[in-house]
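Structure assessment
So you can see what is in the structure, the chains are spelled out below.
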Amino acid sequence: MSIENKRNIEALERKVDELIALSTKLSLENDALKLQLKEIRSDRAGLVEQRDTVRGQVEGMITRLKSIEIA
């Protein structure tokens, strides 16, 4: 094997190692983003529930205030 071929193989091996490292990094980032998305969706569901609860309370207050005005 010539020195040039050996250098080409070594360069290719470095590039493959870099691709493996990048793939690992992207996989970890992807997992973190999936977890973050899951947490955001959970937070959103909680906020929607709170909003609906508050809406019901406000509507109840408005109804009571209207009944006081009538009386």
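Residues numbered from 1 in each chain as written. Predicted model: local features only at pLDDT ≥ 70, side-chain atom pairs only at ≥ 80, totals over all residues. Heavy atoms only, no water.

With respect to the overall build of the protein chain
Across its full length, the protein chain holds one helix and zero strands. In summary, the protein chain has a C-alpha radius of gyration of 30 Å against a globular reference of 11 Å for 71 residues, an excess of more than 25%. Its C-alpha atoms give the protein chain principal-axis dimensions of roughly 105 × 10 × 5 Å. By the burial criterion, 0% of the 71 residues in the protein chain qualify as buried. (Helix = DSSP H or I, 4+ residues; strand = E, 2+ residues; numbered from the N terminus. Rg over C-alpha atoms; globule rule 2.2 N^0.38 Å. Buried < 20%, exposed > 50% of the residue type's maximum accessible area, 1.4 Å probe, protein only.)

Section: the pattern of salt bridges
Scanning the model with the defined rule gives three salt bridges in all. The partner of Asp 52 in a salt bridge is Arg 51, with the nearest N and O atoms 3.1 Å apart. Residues Asp 52 and Arg 55 are paired through a salt bridge, measuring 4.0 Å at the closest nitrogen-oxygen approach. Taken together, the residues span about one helical turn, with Asp 52 and Arg 55 both in helix α1 (residues 3–70) at a distance of three residues. Residue Asp 52 is classed as partly exposed on the basis of its relative accessible area, which comes to 39%. Residue Arg 55 is classed as partly exposed on the basis of its relative accessible area, which comes to 46%. Linked through salt bridges whose partners overlap, the residues forming this network are Arg 51, Asp 52 and Arg 55. (Salt bridge = Lys/Arg side-chain N within 4 Å of Asp/Glu carboxyl O.)

Overview of a negative patch on the surface
On the surface, Glu 10, Glu 13, Asp 17 and Glu 18 cluster together to form a negatively charged patch. Checked against the element boundaries, Glu 13 lands in helix α1. (Patch = residues over 30% accessible without salt bridge, like charges linked within 9 Å, V, L, I, M, F, W, Y side chains within 5 Å. Areas by Shrake-Rupley, 256 points an atom, 1.4 Å probe, with all protein chains shown as cover. Lys, Arg positive; Asp, Glu negative; His and termini not counted. Charge placed at Lys NZ, Arg CZ, Asp CG, Glu CD.)

Describing the environment of Gln 57
Among the secondary structure elements, Gln 57 is positioned in helix α1. Residues Gln 57 and Asp 17, 40 residues apart in the sequence, show an inter-C-alpha distance of 60 Å.

Some words on a nonpolar patch on the surface
Taken together, the side chains of Val 54, Val 58, Met 61 and Ile 62 define a hydrophobic patch exposed on the protein surface, amounting to about 320 Å² of accessible area. Here Val 58 lies in helix α1. Using a relative accessible area of 38% as the deciding quantity, one classes Val 58 as partly exposed.

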